[in-house]
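# Structure assessment
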Amino acid sequence: MPAPLPKPARLNPWDLVRAGVSGVVGRPVRAVLSALGIAIGVAAMVAVLGISAASQAQIAGQLEQLGTNLLRVTAGKTFFGDQSKLPENADEMVRRIGPVRQASATGAVPDTTVRRSNKVDPRETGGISVNAARLNLLELLGAKVRSGTWLNEATARYPSVVLGSLAAERLGITAPGQQVYLGNQWFTVAGILDEVPLAPEIDRSALVGWQVAKEQLGFDGHPTTVYERSSDESVEVVRDVLAQTVNPQSPNEVEVSRPSDALAAQLAAKSTFTGLFLGLGAVALLVGGVGVANTMVVSVLERRSEIGLRRALGAGRGQIRKQFRTEAVLLSGAGGVAGVLLGLGISAAYAVSSGWPVVVPITAIGAGVGASVLIGTLAGWFPAGRAARMSPTAALTGG
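Heads up: these notes are all about the structure in this document. What you are looking at is a predicted structure, and each value in this text was computed from that prediction instead of being measured. (Residues numbered from 1 in each chain as written. Predicted model: local features only at pLDDT ≥ 70, side-chain atom pairs only at ≥ 80, totals over all residues. Heavy atoms only, no water.)

Take the overall build of the chain next. Across its full length, the chain carries 14 helices and 11 strands. Of the contacts formed within the chain by residues at least 6 apart in sequence, a portion of 80% connects residues at least 24 apart. Approximately 20,100 Å² of the chain is accessible, and the part contributed by carbon and sulfur atoms is 60%. (Helix = DSSP H or I, 4+ residues; strand = E, 2+ residues; numbered from the N terminus. Contact = heavy atoms within 4.5 Å. Areas by Shrake-Rupley, 256 points an atom, 1.4 Å probe, with all protein chains shown as cover.)

Right, dumping it as structure tokens:
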């Protein structure tokens, strides 16, 4: 009887990895170019998730800091489409609601503009509105004065104005003490506010005292916007009764909104765009996988003599298949690790430049590396099978 063929020696995992590494580093330029496609796809996915997480953390922090218990009441339209008016004591009426902690108001001063000087065309308003403001408005909104001071009992009776951040920028006012031409008379700038995220209309406003607005600017004393804060658990209860409280005769002419809903909508919108960009990253990752598969196919064709020699020396088909699959996984995995590092660097740099907290997306890191390994496994499947099916004789003779 003929002697049985010897069984091929088994490769332990370490030998398999060493064989795979030698196959990858033996062609460094091609390996780098192939891994680059995977790296770009993974970097795009990690960067998008990192930037999105940082942005969401920023908005969530803003919501927590500013609070979600602020409600805004504005005058709506009458049944005939005309602009309605809130009662003069609307903010006082709101304070009578049990859970309400604070209430304040602003009133638009009609037909009044603010300009840098009396030489500027009155029609050049710059989108800045003039509003009378209650003295407790700053505290209620949680706004901060960038420079100068807020209105007080004294300055509210005299020609003093506090400018919102955008209003000051458009007027070219950088410091308090300067004068602006407001309502055909000069007003002294008492202060400049920082941005007010929950009340962006304040950023575009020139705010004067309630009394001076009535005495010198023709203000009728009717507030156009009322702001109130209540306890978090009673926001919806207060919201349900605000319109009837402010205008019992015509509650349908009152509009009630929650400013924090706009920030929450931003949070939802960013999540939507995150999904879109992740899809683009997945496409880039797929293209990178095709590049790895192409590289492995070319590698198999170029290394036929090596495959034939190993088969002639006793290597089985399974060992050849495992070797080339390992090379594909290592090649793709190296690109995945590089992509993760690149993506983290991009997201961290963007967060720091935007003033956001740096968030490390642990899930994205695991998904990036895992996806690259999976892509490498799939990309190496056909080339490894083709290498394993080569007969030693045909491989050695180049057939």
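Attention now moves to helix 12 (residues 362-379). If you check helix 12, its first and last C-alpha atoms are 26 Å apart, about what 18 residues at 1.5 Å a residue would give, namely 26 Å. Within helix 12 the residues assigned to the buried category are Ala364, Gly368, Ala371, Ser372, Ile375, Gly376 and Ala379. Seen from one end, helix 12 has its buried residues packed into an arc of 135 degrees, which puts them on one side. Facing away from the buried side of helix 12 by over 90 degrees, the exposed positions are Ile362, Thr363, Leu374 and Leu378. (Expected span 1.5 Å × (residues − 1). Buried < 20%, exposed > 50% of the residue type's maximum accessible area, 1.4 Å probe, protein only. Arc of directions from axis to C-beta.)

Before going further, it helps to examine the packing of aromatic side chains. Scanning all chains against the criterion turns up 3 aromatic pairs. Residues Tyr181 and Trp186 carry aromatic rings whose centres are separated by 5.0 Å and whose planes lie at 65 degrees to one another, so their mutual orientation is edge-to-face. Ring geometry for Tyr350 against Trp356: centres 5.6 Å apart, planes inclined by 65 degrees, an arrangement best described as edge-to-face. Positioned above the aromatic ring of Trp210 is the side chain of Arg134, whose terminal nitrogen or guanidinium carbon lies 3.8 Å from the ring centre. (Phe/Tyr/Trp six-rings, centres within 6.5 Å; stacked < 30°, edge-to-face > 60°. Lys NZ or Arg CZ within 6 Å of the ring centre and 35° of its normal.)

Taking 1.5 Å per residue as the helical rise, helix 8 (residues 235-246) with its 12 residues ought to reach 16 Å, and the 16 Å between its terminal C-alpha atoms agrees with that figure. Looking at helix 8, one finds that the buried residues are Val235, Val238, Leu242, Ala243, Thr245 and Val246. Looking straight down helix 8, one finds its buried side chains confined to an arc of 165 degrees; they lie on one side. Turned more than 90 degrees from where helix 8 packs its buried face, Val237 and Asp240 sit exposed. Those residues of helix 8 that are buried are in contact with strand 1 (70-75), helix 3 (90-95), strand 2 (100-108), strand 10 (225-230) and strand 11 (254-257).

What follows covers the pairing of strand 2. Relative to strand 10, strand 2 runs antiparallel, the two being bridged by 6 bridges. By the bridge assignment, Ala103 is partnered in strand 10 with Glu228. Bridge count between strand 2 and strand 4 (residues 129-133): 3 bridges; the pairing is antiparallel. Looking at strand 4, one finds that Ala108 is bridged to Asn131. (Pairing = 2+ DSSP bridges.)

A few words now on the environment of Pro259. Note on placement: Pro259 falls in the loop between strand 11 and helix 9 (260-302). In this structure the C-alpha to C-alpha distance between Pro259 and Asn69, which are 190 residues apart in sequence, comes to 9.1 Å. If near-sequence neighbours (up to four positions away) are discounted, Pro259 is found in contact with Leu70, Leu71, Arg72 and Leu198.

Moving on, we get to the nonpolar core. Of all hydrophobic cores here, the largest spans 40 residues; its most connected members are Val114, Val161, Leu163, Val180, Leu182, Phe187 and Val208. With 5 residues, the top contributor of residues to this core is helix 8. With residues near it in sequence (within four places) discarded, Val114 still touches Thr125, Ile128, Val130, Leu171, Val180, Tyr181, Leu182 and Ala206. Core analysis: the second largest hydrophobic core is formed by 18 residues, Leu141, Val162, Ala190 and Ala199 among them. (Core = buried A, V, L, I, M, F, W, Y, C linked by side-chain atoms within 4.5 Å.)

Within this structure, the stated rule accounts for 6 salt bridges. Two residues, Glu201 and Arg72, come together in a salt bridge whose shortest N-O distance is 3.2 Å. Within this pair, whereas Glu201 is found in helix 6 (residues 200-203), its partner Arg72 is found in strand 1, the two being separated by 129 residues in sequence. For Glu201, a relative accessible area of 21% gives the class partly exposed. A salt bridge links Arg146 to Asp194; the nearest nitrogen and oxygen atoms lie 3.0 Å apart. Pair noted here: Arg146 is in strand 5 (residues 145-148) and Asp194 is in the loop between strand 8 (185-193) and helix 6, with a separation of 48 residues, a long-range link. Residues participating in the shared-partner salt-bridge network are Asp91, Arg95 and Arg134. (Salt bridge = Lys/Arg side-chain N within 4 Å of Asp/Glu carboxyl O.)

Attention shifts here to the side chain of Glu253. Looking at where Glu253 falls in the secondary structure, it is placed in the loop between helix 8 and strand 11. A relative accessible area of 15% means that Glu253 is categorised as buried. Residue contacts for Glu253: discarding those within four places in its chain leaves Thr74, Ala75, Gly76, Lys77, Thr78, Phe79, Ser84 and Asn247.

Here we take up unusual backbone geometry. A positive phi angle, close to 55 degrees, is found at Asp111, a residue other than glycine. Locating Asp111 in the fold gives a position in the loop between strand 2 and strand 3 (114-115). Positive phi is not limited to glycine here, since Asn184 has a value of about 65 degrees. By the secondary structure assignment, Asn184 is in the loop between strand 7 (179-182) and strand 8.

On to a nonpolar patch on the surface, then. Among the surface-exposed residues, Val29, Leu33, Leu36 and Ile40 lie close enough to one another that they form a single nonpolar patch of about 410 Å² accessible area. Tracing the backbone through its elements, the reader meets Leu33 in helix 2 (residues 28-66). (Patch = residues over 30% accessible without salt bridge, like charges linked within 9 Å, V, L, I, M, F, W, Y side chains within 5 Å.)

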